Amino acid sequence: MAVVLAVILWSSSATCLMILKDIPIFLITAILLSSHCVYSICRLSYTQNWHTIPSQPLLWLGGVLGIVGNDFCYYYALRTTSPVVVELLSWCWPFFVMLYLSRFNMSGRLYLGLLMAFFAVVLLQVHSWHAWVAAWHGLHVGAFMALGSALSWALYTLVSHHYHDAPHEMVGLYAGCVAV
């Protein structure tokens, strides 16, 4: 159930942020992250699994920095670039994880998938080529920030992969630290 909620939240976040653009972005972020933390605390308390929370500093540092980096880059990118481009680029994080884990020995299908994702971004932006030329700096920075979002989440994923025994509720606890 938590995975389904996470996918719904991630897939609708750009749309929601564009609708709620009059509310300060950090307030929205704090509300979302706090609600995720409260859900994780309730779940850990209900299942009485607080003893499964590891105390390794590298895991906590990687988790908190991964969420901070992901959120900062993602929301900054949304301020300067099209939400479609931001979503496509920020959802490339699984490819970066696969590239690292496979040590660049991936199948042709995975490389093709990565190339298609980047081609989709280019294809979506061809219609507004003049806007790109006119606002190159903002779109350029926004695209790199969206890639930064993907890279920071990929790094978090790799750190948490190293500590595979950590429960999934750790993400909510990281979110609580970031919300503060």
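Scroll up for the structure.
Keep in mind that this is a model prediction, so the values were computed, not measured.

## What about a nonpolar patch on the surface?
Reasoning step 1: Residues I23, L27 and I31 make up a contiguous nonpolar surface patch of roughly 260 Å² in combined accessible area.
Reasoning step 2: Relative to the helices and strands, I23 is located in the loop between α1 (2–19) and α2 (25–47).

## Here's the deal with the layout of surface pockets
Reasoning step 1: Taken as a whole, the second largest pocket encloses approximately 240 Å³ of empty space.
Reasoning step 2: Lining the second largest pocket we find 13 residues, and of these F26, T29, D71, F72 and Y75 sit closest to its centre.
Reasoning step 3: Those elements that provide at least two residues to the lining of the second largest pocket are α2, α3 (57–80) and α9 (170–179).
Reasoning step 4: Considering every element that reaches the lining of the second largest pocket, the biggest residue donor is α3, with six residues.
Reasoning step 5: Grouping the amino acids of the lining of the second largest pocket by side-chain chemistry returns 10 nonpolar, one polar and two charged.

## Brief notes about the packing of aromatic side chains
Reasoning step 1: Within the structure shown, the criterion is met by five aromatic pairs.
Reasoning step 2: Ring centres 4.7 Å apart and planes at 45° place the aromatic pair W153 and Y156 in the tilted group. Within this pair, W153 and its partner Y156 are both found in helix α8 (residues 136–162), separated by three residues, close to a single helical turn.
Reasoning step 3: Given a relative accessible area of 8%, W153 falls into the buried group.

## Some details on the packing of α3 against α9
Reasoning step 1: The geometry of α3 relative to α9 is characterised by a closest axis approach of 9 Å and an angle of 65° between their N-to-C directions. Here α9 runs roughly perpendicular to α3, going by the angle between their axes. Handedness of the α3/α9 crossing: right-handed. Between α3 and α9, the residues in contact are L59, W60, G63, V64, I67 and V68 and M170, V171, L173, Y174, A175, C177 and V178, respectively.

Thresholds, definitions, all that
- Residues numbered from 1 in each chain as written.
- Predicted model: local features only at pLDDT ≥ 70, side-chain atom pairs only at ≥ 80, totals over all residues.
- Heavy atoms only, no water.
- Patch = residues over 30% accessible without salt bridge, like charges linked within 9 Å, V, L, I, M, F, W, Y side chains within 5 Å.
- Areas by Shrake-Rupley, 256 points an atom, 1.4 Å probe, with all protein chains shown as cover.
- Salt bridge = Lys/Arg side-chain N within 4 Å of Asp/Glu carboxyl O.
- Helix = DSSP H or I, 4+ residues; strand = E, 2+ residues; numbered from the N terminus.
- 1 Å grid on protein atoms, 1.4 Å probe; cavity = no way out; pocket = protein on both sides within 12 Å on 5 of 7 lines; lining within 4 Å.
- Points joined across faces, edges and corners; volume = space filled by probe spheres on them.
- Nonpolar A, V, L, I, M, F, W, Y, C, P; charged D, E, K, R; others polar.
- Phe/Tyr/Trp six-rings, centres within 6.5 Å; stacked < 30°, edge-to-face > 60°.
- Buried < 20%, exposed > 50% of the residue type's maximum accessible area, 1.4 Å probe, protein only.
- Axes fitted to C-alpha atoms, helices over the stretch in contact; angles between N-to-C directions.
- Parallel < 35°, antiparallel > 145°, perpendicular 65-115°, else oblique.
- Left-handed = near helix turned anticlockwise from the far one by under 90°.
- Contact = heavy atoms within 4.5 Å.

None of this, on its own, says anything about what the molecule does.
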